[in-house]
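Spelled out, the chains give:
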Amino acid sequence: MALINQATKELQVKIVYYGPALCGKTTNLQQVHAHVQAAPENKGKLVSLATSSDRTLFFDFLPVEAMSIKGFRTKFQLYTVPGQVIYNTTRQLVLRGVDGVVFVADSQYEKMAENVESFANMEENLRTLKLNLAEIPYVLQYNKRDLPNVAPVEYMEYLLNNREYQVPTFTASAHQCEGVFETLNMITRLLLHKFINEGSRKLA
Ligand SMILES: Nc1nc2c(ncn2[C@@H]2O[C@H](COP(=O)(O)OP(=O)(O)O)[C@@H](O)[C@H]2O)c(=O)[nH]1
Ligand SMILES: [Mg+2]
């Protein structure tokens, strides 16, 4: 559940970009950081929380048109996880307290197994944290659509979005900033919707 800062009247919403190594999570955050509409004082630095060789990126921002829920302005915290299989402890740490997820999949055909494995790993890590993906707003981003060897969207839907409730999906070329804000706007919309509907008790 989002953190409430009574002193600053801010609601802090944590969004995690999850996905296999090299799918484009860092690129998404860099593009958002470079282009998001936020006053300079309301946009944090892009911070790399690095241990020896795994990196987690983080930054937060308060949008120019700050959405207000019951008098609280919404501040978004964006995190990436390290995708390499061996950094699972870090992924679990980053997922702690997550409000919403952007799952970034690599559209290249040969990456499908890694996408599926990473998605399963995310569900497993959420379960370890006593969280259930069905209760967490998330969206899918099929990235690297500019490359020649991509799988059809329908196939990726079949692999990653074949559930009772289908979630919104976006195609993207993150390095060209295509699809990046469409993805972010949708997850923020889903989150605000959820807080307005369910969170009001906690904010009251
Ligand atoms: N062709 C192409 N390359 C991309 C795209 N997004 C990211 N990349 C590149 O893929 C590599 C891995 O991206 P990165 O964001 O570091 O992946 P991460 O491991 O998920 O954080 C980098 O060289 C990026 O420039 C994309 O949409 N198309
Ligand atoms: Mg990265």
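Residues numbered from 1 in each chain as written. Chains lettered and ligands numbered in written order. Predicted model: local features only at pLDDT ≥ 70, side-chain atom pairs only at ≥ 80, totals over all residues.

### Looking at the site of ligand 1
Around ligand 1, the structure places 17 residues, and the nearest of them are Gly24, Lys25, Thr26, Thr27 and Ser173. When residues in the shell around ligand 1 are grouped by element, the largest group, three residues, is from helix α1 (residues 25-35). Across the shell around ligand 1, the residue classes break down as five nonpolar, nine polar and three charged. (Near = placed C-beta within 6 Å. Helix = DSSP H or I, 4+ residues; strand = E, 2+ residues; numbered from the N terminus. Nonpolar A, V, L, I, M, F, W, Y, C, P; charged D, E, K, R; others polar.)

### Topic: the pairing of strand β8 (residues 138-143)
A large share of β8 lies buried, amounting to six of its six residues. Here β8 shows a buried face lined by Tyr138, Leu140 and Tyr142 and a second buried face lined by Val139, Gln141 and Asn143. Sheet topology note: the strand β7 (residues 100-106)/β8 ladder contains six bridges and is parallel. When the sheet's bridge partners are listed, Val101 is paired in β8 with Tyr138. On the question of chirality, the crossover connecting β7 to the parallel β8 by way of helix α3 (residues 112-128) is right-handed. As defined by bridge partners, β8 adjoins strand β9 (residues 169-171) across three bridges and the pair is classed as parallel. Paired with Leu140 across the strands is Thr169, a residue of β9. Regarding the hand of the β-α-β motif, the stretch spanning β8, helix α4 (residues 153-160) and β9 is right-handed. (Buried ≥ 20, exposed ≤ 12 C-beta atoms within 10 Å, placed from the backbone. Pairing = 2+ DSSP bridges. Right-handed = clockwise from strand over helix to strand, strands pointing away.)

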